[in-house]
Amino acid sequence: MPNSTQQFASDNYAGICPEAWAAMAAANVGHVPAYGEDGWTARASDAFRELFRTNCDVFFAFNGTAANSLALASLCQSYHSVICSSTAHVETDECGAPEFFSNGSKLLVAATKSGKLTAEAVRTLAASRSDIHFPKPRAVTITQPTETGQVYSIDEIQALSATCRDLGLRLHMDGARFANACAALGCEPADISWKAGVDVLCFGGTKNGMAVGEAVLYFDNSLAEGFDYRCKQAGQLASKMRFLAAPWVEMLSSGAWLRNAAHANACARRLADQVSGLRGCELMFPVDANSVFIRAPEQSLQALRQRGWRFYTFIGGGARFMFAWDSDPVRVDALASDLRAILGTKADPMSINMP
Ligand SMILES: *Cc1c(COP(=O)(O)O)cnc(C)c1O
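In this convention, every chain numbers its residues from 1, walking through the sequence in written order. Owing to the predicted nature of the model, reporting of local features is limited to residues with pLDDT of at least 70; listing and counting of side-chain atom pairs is limited to 80 or more, with chain, interface and lining totals taken over all residues. Heavy atoms throughout the structure, all of them, feed into the side-chain values; hydrogens and water do not.

1. Considering helix H13 (residues 329–343)
Helix and strand definitions here come from DSSP, where helices need a minimum of 4 consecutive H or I residues and strands a minimum of 2 consecutive E residues; each element is numbered from the N-terminal end. One less than the number of residues in a helix, times 1.5 Å, gives the span that helix is expected to have. The terminal C-alpha atoms of H13 lie 21 Å apart, and with 15 residues this matches the ideal 21 Å at 1.5 Å per residue to within 8%. Only protein chains enter the accessibility calculation, which uses a 1.4 Å probe; a residue is then buried when its area is under 20% of its type maximum, exposed when over 50%, and partly exposed in between. Residues of H13 that are buried: Arg331, Val332, Leu335, Ala336, Asp338, Leu339 and Leu343. Buried residues of H13 fall within an arc of 160 degrees about the axis and therefore sit on the same side. Buried-residue contacts for H13 involve helix H11 (256–275), strand S9 (291–295), helix H12 (298–306) and strand S10 (319–322). Distance and chemistry together define a polar contact, namely a pair of N or O atoms within 3.5 Å, with one atom able to donate a hydrogen and the other to accept it when in protein, and with adjacent residues in sequence counting only for side-chain atoms on both sides. Near the N-terminus of H13, the side chain that reaches the backbone nitrogen of valine 330, with its oxygen 2.9 Å away, is that of aspartate 328. Positive phi appears at glycine 344, one or two residues downstream of H13, with a value of about 100 degrees. For this quantity, the arc is that covered by the directions from the helix axis to the C-beta atoms. Whether two residues touch is decided by their heavy atoms; if any such pair falls within 4.5 Å, the residues are in contact.

In C-alpha cells, the structure reads:
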C-alpha cells in the first residue's frame, strides 16, 4: 500500500485544506511588518472577536502544547495547581510542559469515568487539601471535545464554571478540536466558551485543516496581561506571523472551520454506524465528534494491521480512528468493510436477548 493512501490514525495525518493553503499564498505577496505588526494578524484577531461576539484578546502560537502550557502558566503562580482529567492532553501528552512553563504548578489529576471532568470531581479535588504543604488549586482545564471524543454540553460547562467561580478557580479550555465540538452541538462558539464561563480558550487550527497554529483567546482581558512576553520568551512569537494569521482569516470568514469539523464528525459517525453491533467489537466511547475507539481482540487488530490499516492503541488498548477535513467516505467504508470481514457479521439483535 503506498504511503499516501489515506489513513485514520490521526487527524494530523491530513494535509492543509484549500482555504488555508490559498490564504498562505495570498499572504505570500510583497513585504509586510514582522512579529504580528501586519494587517493579516490584525484581521485574524478581529475575525475571532467577531466569531465569538466579544472583545477577547487573541494570540497565536505554533502548537497546542505551547498554547495550553502558556495559557495555564498565565493563570498560575509556581505554587498553584491545575485540576485536570487523568486523560487530559496536558497530563498525558505534553511532556510536563504545563509544569515547566509555570515553573512548577502541579497538575492535580481527577480520575473520571468518562474522561470528562465534573463539578463534583473538581470540588472533591479542590477540597482535598487546604494546608500550606499542598499546592493551592488555582485553575481547572477541560478538553472540548475530550481526548476520547466526548463533547461537554453547554450545561456541563456552565456547571463546571459555576463551581470554579465558587472556589476561586479559573477555567481553561483545551480546544484542540474546538470546531468539532461546535459542529457537534450546533451552537455558537460563544455558547461553549465565555458565555458558559470559560476564561481562556486554546482554539486549534492544525487539526482543523491548517498547516500549523493555535489561537489563544482571553475572554477575561485582565488575564492576558504580559501574555505577549510569555509567548516570546517561550519561543512562540512567529517573526513571519502573517503565515500563522492569514489562514485563520480565510478559515473563519469562509466557514471552512465549521465545514471541516462537520465533515470529520460525519465520517466518524459513518464508521461508527457501520461497526456498532458487529460481533467481537465494541465502541469504547460515545461518538460525539471526529473519533471512533474500537475495542476488539488483539488478533483482530493484528489482522486489521495486516490489511494495511494504521492506528494507535495508546488509549485503553483499543484502536483509535480519527477523521479530518479531507477524510474520504470511500476509505471510511473500506475500513468498515475490512472490520466486518475480520470480526464477522452483525450480531442478530434478537439473539442478543436470548438466554
Ligand atoms: C493535538 C492536541 C493538542 C495539541 O498538540 P500539539 O501536538 O502540541 O499541537 C492539544 N490537546 C489535545 C486534546 C490534542 O488532541
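On we go.
2. Looking at the domain arrangement of the protein
Either an automatic procedure or a domain database provided the assignment from which the domain bounds are taken. Taken domain by domain, the protein holds domain 1 (17–254) and domain 2 (257–343). Inter-centroid distance (C-alpha atoms) of domain 1 to domain 2 is 27 Å. Salt bridge, as applied in this entry: a Lys or Arg side-chain nitrogen positioned within 4 Å of an Asp or Glu carboxyl oxygen. Connecting domain 1 to domain 2 are one salt bridge. With its nearest N and O atoms 3.3 Å apart, the salt bridge here joins glutamate 19 to arginine 259. Here domain 1 and domain 2 share nine residue pairs in polar contact (both at pLDDT 80 or more) between them.

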